[in-house]
Amino acid sequence: MSNVVSTAARPATSEMVRRLPEYLMIWVPLLLSAAHLISFSIWTIWISFTPSTLIPVSGWVGLRNYNAVLASRNWQIAFDNLLLFGIAFVLLSLITGLALAILLDQRIRGENVLRTIFLYPLAVSFVVTGTVWSWLLNPGIGIEKLIHDLGWSSFHFDWLVNRDMAIWTIVIAAIWQSSGFAMALFLAGLRSVDTDIIRAAQIDGAGPIRTYVRVILPTLWPITITVVVVQLQFAISAFDLVRALTNGGPGIATQLPALVVYDLMFQRSQLGRGAAAAVLMLLILLAVLLPYAAWRYVQRRQATHA
Amino acid sequence: MRDRSFAPSRILIYLVVTLFAAAYLAPLVVVVLNSLRTNEEIAQGSMIGWPQHLAWGNYALAWSGFCIAETCAGIRPYMLNSALVTIPATIFSTLLGAVAGYAVSLWRFRGDNWIYGIVTLGLFLPQQMRLLPWTIVLRDIGLINTLWGLVLIHTIQGLSFTVLFCRNYYIAIPHELIRAARIDGAGFFRIFWRIILPLSAPILIVTVIWQFTHIWNEFLYGVTFTTGQQQPVTAALIALSAAVADIPQHGVQSAAVIIAALPTLLIYLFGGRYFVRGLTAGAVK
């Protein structure tokens, strides 16, 4: 700052040096973050086209890894499970979340306490949730045993060890954990409805229920889409919860894509196939996110033009 | 909607809400009760029951007694590991995110929108796409199976969230404020320190709570990049379940689960408002 009298080039260089900490502070974290995202993605995609097994190797095998993954029973079961789990979990947690939000919106006493209760599972890890539900749903020690001890010995609730029903235990635990999220967003939506519209509806003679169904609920659909996308994103990459609750079992009945990736990469040392499975996961995710991004883009444009 | 009298419909609403609340609380209550029952007592009945006499010893065993693999030090070393990963990673990612968020929203520089756009893609990229590259990077820099390796991962990956949170908060600060300060000769750091940081308390609390909760609860990286004594507590809980699969010790396991969940539960109870704000901010990307 002090020696202003100098050649024309000197201040520019010293200015650069003086501002070096600033450049470093701005660019290093952002570049590290951006670079890791891009290079890691490209690298994993590349590995998915190589014959890598125990260690990454170069070479080109085209779509062989993808074909192998898609043809494997493990992946097929995982994909079917993902469809069932994704749809059931998202729908049921939407319904539960909306029901809770509507109930809490009825000016009830103790709303804060209730909200705290419905949201606390979100603060707990999926490992803890999975472990606890694996106890509750275990027929030998959980709910079934309790009912038997109470005297109803023909009571049956063995989904955890039942191949056909085991995936529903994951649905149950996932809803318990994250329907509060849907509730929080819906409740915020209900509270932000323009009071003028409500008043207008009431002046038009609409009763409270009619106002609710016809006027308030329709304003929630943009929130609904956001909730669906966020919950689907969770469902597609679900790993911890399944690992703790069923570990993919009984057998491979509750296999999900994220478990297949982990299994291929770190248990079977099939890096190429593991990478291919990871890319397939990414593609499934993009099938959800790209339409969402397009929708958001259209919404924003409409908002700015309006 | 504005009816405050106790009509039958109101009673029904309270009844339904109470049932829901009971269902959400039940798993927690069951685990808390179990953590106070002896293993024998649970084995005779079911996981769901009232303690006959309070077995506080479960907590001592869970904290520093029982064995995971060959080590019999309880859950304490793994809790420490989780703390040693979560606390530095939360601090680093929040501070770096605050500075970067300020840079892309108020300071502005060439390419800021581009780099911001790329960084926020990290919100969506599945962890499975990064598992193998991280394995190689950690091995090359000698941080595989170390807590600092996990700190590095969570700091860099956390930036996607922290930059987004801070940027969206700072964007509402009037640009004139920054312009005036620049005309007065204040530089990048001075403006951050004197103007931005004093305004940042709410968003920093939201960010810290979000990061702490997520890193503490994270499992996949913990189980992939660390083994044995280096594992965070989420991975240790899974290892514990596997270790005692033959002779379950549900009382002690319940106590371990409570201890492992306690840090994030306490943060939620005391900072609930900020926790929810983080949830919604993360959702409306």
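Because the structure is a prediction, the values reported are computed rather than measured.

### Focus on the overall build of chain A
Assigned secondary structure in chain A consists of 14 helices and zero strands. Shown N-terminal to C-terminal, the secondary structure of chain A runs as helices and strands in the order α-α-α-α-α-α-α-α-α-α-α-α-α-α. Compactness check: chain A gives a C-alpha radius of gyration of 26 Å against a globular reference of 19 Å for 306 residues, more than 25% above the reference. Considering only contacts within chain A whose residues lie at least 6 apart along the sequence, 69% involve residues at least 24 apart.

### What about the overall build of chain B?
Each helix and strand counted, chain B has 13 helices and zero strands in total. Going residue by residue from the N terminus, the α and β elements of chain B occur as α-α-α-α-α-α-α-α-α-α-α-α-α. Each principal axis of the C-alpha atoms in chain B carries an extent, and together these give about 75 × 65 × 30 Å. Taken across its 285 residues, chain B has 48% of its residues classed as buried. For chain B, restricting intrachain contacts to residue pairs at least 6 apart in sequence, the fraction spanning at least 24 positions comes to 76%.

### Structural notes on the domain arrangement of chain A
Per the domain assignment, the segments of chain A are domain 1 (1-47) and domain 2 (63-305). Distance between the C-alpha centres of domain 1 of chain A and domain 2 of chain A: 42 Å.

### A short note on unusual backbone geometry
Of the consecutive residues Gly249 of chain A and Pro250 of chain A, the connecting peptide bond is found in the cis state with omega at 0°. Within the secondary structure layout, Pro250 of chain A lies in the loop between α12 (240-245) and α13 (257-267). Unusually for a residue other than glycine, Ser269 of chain A sits at a positive phi of about 50°. Along the chain, Ser269 of chain A falls in the loop between α13 and α14 (271-305). Residue class for Ser269 of chain A comes out partly exposed when judged on the 13 C-beta atoms lying within 10 Å of it. We note that Arg108 of chain B has phi near 60°; this positive angle belongs to a residue other than glycine. Along the chain, Arg108 of chain B falls in the loop between α4 (76-107) and α5 (112-120).

### Digging into the domain arrangement of chain B
Residues and elements named next belong to chain B. Domain assignment breaks chain B into domain 1 (8-60) and domain 2 (76-283). Distance between the C-alpha centres of domain 1 and domain 2: 33 Å. Of all the elements in the fold, those that place two or more residues in the side of domain 1 that touches domain 2 are α1 (8-34), α2 (39-44) and α3 (57-64). Class assignment of the residues belonging to the side of domain 1 that touches domain 2 gives a composition of six nonpolar, five polar and one charged.

### Topic: the interface of chain A and chain B
Taken together, the contact pairs 70 residues of chain A with 66 residues of chain B. Counting residues per element, the side of chain A that touches chain B draws most heavily on helix α2 (residues 20-47) of chain A, which supplies 16 residues.

### Focus on the confidence of the model for chain B
Looking at chain B as a whole, its pLDDT mean stands at 90, while 96% of the residues score no less than 70. For this predicted complex, the interface confidence reaches an ipTM of 0.92, while the overall pTM sits at 0.92.

### A closer look at the packing of helix α4 (residues 73-104) of chain A against α13 of chain A
Residue and element names in this part refer to chain A. Put simply, α4 and α13 touch, their axes get as near as 8 Å, and they point 155° apart. When the axis of α4 is compared with that of α13, the two are roughly antiparallel. Of α13, the residues touching α4 (which contributes Asn74, Trp75, Ala78, Phe79 and Leu82) are Pro257, Leu259 and Val260. Residues belonging to the contact of α4 with α13 are distributed by class as follows: seven nonpolar, one polar and no charged.

### Some details on helix α6 (residues 131-140) of chain B
All of the buried residues along α6 of chain B are Leu131, Leu132, Trp134 and Leu138 of chain B. For α6 of chain B, the arc enclosing every buried residue in end-on projection is 165°, short of the 170-degree limit, so these residues lie on one face. Check the buried side of α6 of chain B and you find it contacts α2, α13 and α14 of chain A together with α7 (147-170) and α11 (220-225) of chain B. Directly after α6 of chain B, the chain includes Gly142 of chain B, whose backbone phi takes a positive value near 75°.

### Observations regarding the confidence of the model for chain A
This prediction gives chain A a mean pLDDT of 90; 96% of its residues lie at or above 70. Note that residues 1-8 of chain A has pLDDT below 50 and, in this model, one contact with residues that lie over four places away or in other chains.

### Description of the nonpolar core
With 167 residues, the main nonpolar core has Ala277 of chain A together with Tyr102 and Ala256 of chain B as its most contacted residues. If sequence neighbours within four positions are ignored, Ala277 of chain A has contacts with Val69, Trp75, Pro257, Val260, Val261 and Leu264 of chain A.

### Considerations on the environment of Val161 of chain A
Positionally, Val161 of chain A belongs in the loop between α7 (143-149) and α8 (166-191). Residues Val161 of chain A and Gly249 of chain A, spaced 88 residues apart in sequence, show a C-alpha to C-alpha distance of 7.9 Å.

### Remarks on the environment of Ile171 of chain B
Residues and elements named next belong to chain B. Positionally, Ile171 belongs in the loop between α7 and α8 (175-183). Ile171 gets classed as exposed once you count the C-beta atoms within 10 Å, which come to 12. In sequence terms Ile171 and Ser46 are 125 residues apart; their C-alpha atoms lie 55 Å from each other.

The rules behind the values
Residues numbered from 1 in each chain as written. Chains lettered and ligands numbered in written order. Predicted model: local features only at pLDDT ≥ 70, side-chain atom pairs only at ≥ 80, totals over all residues. Helix = DSSP H or I, 4+ residues; strand = E, 2+ residues; numbered from the N terminus. Rg over C-alpha atoms; globule rule 2.2 N^0.38 Å. Contact = placed C-beta atoms within 7 Å. Buried ≥ 20, exposed ≤ 12 C-beta atoms within 10 Å, placed from the backbone. Domains from an automatic or database assignment. Nonpolar A, V, L, I, M, F, W, Y, C, P; charged D, E, K, R; others polar. pLDDT = per-residue confidence, 0-100. Axes fitted to C-alpha atoms, helices over the stretch in contact; angles between N-to-C directions. Parallel < 35°, antiparallel > 145°, perpendicular 65-115°, else oblique. Arc of directions from axis to C-beta. Core = buried A, V, L, I, M, F, W, Y, C linked by C-beta atoms within 7 Å.

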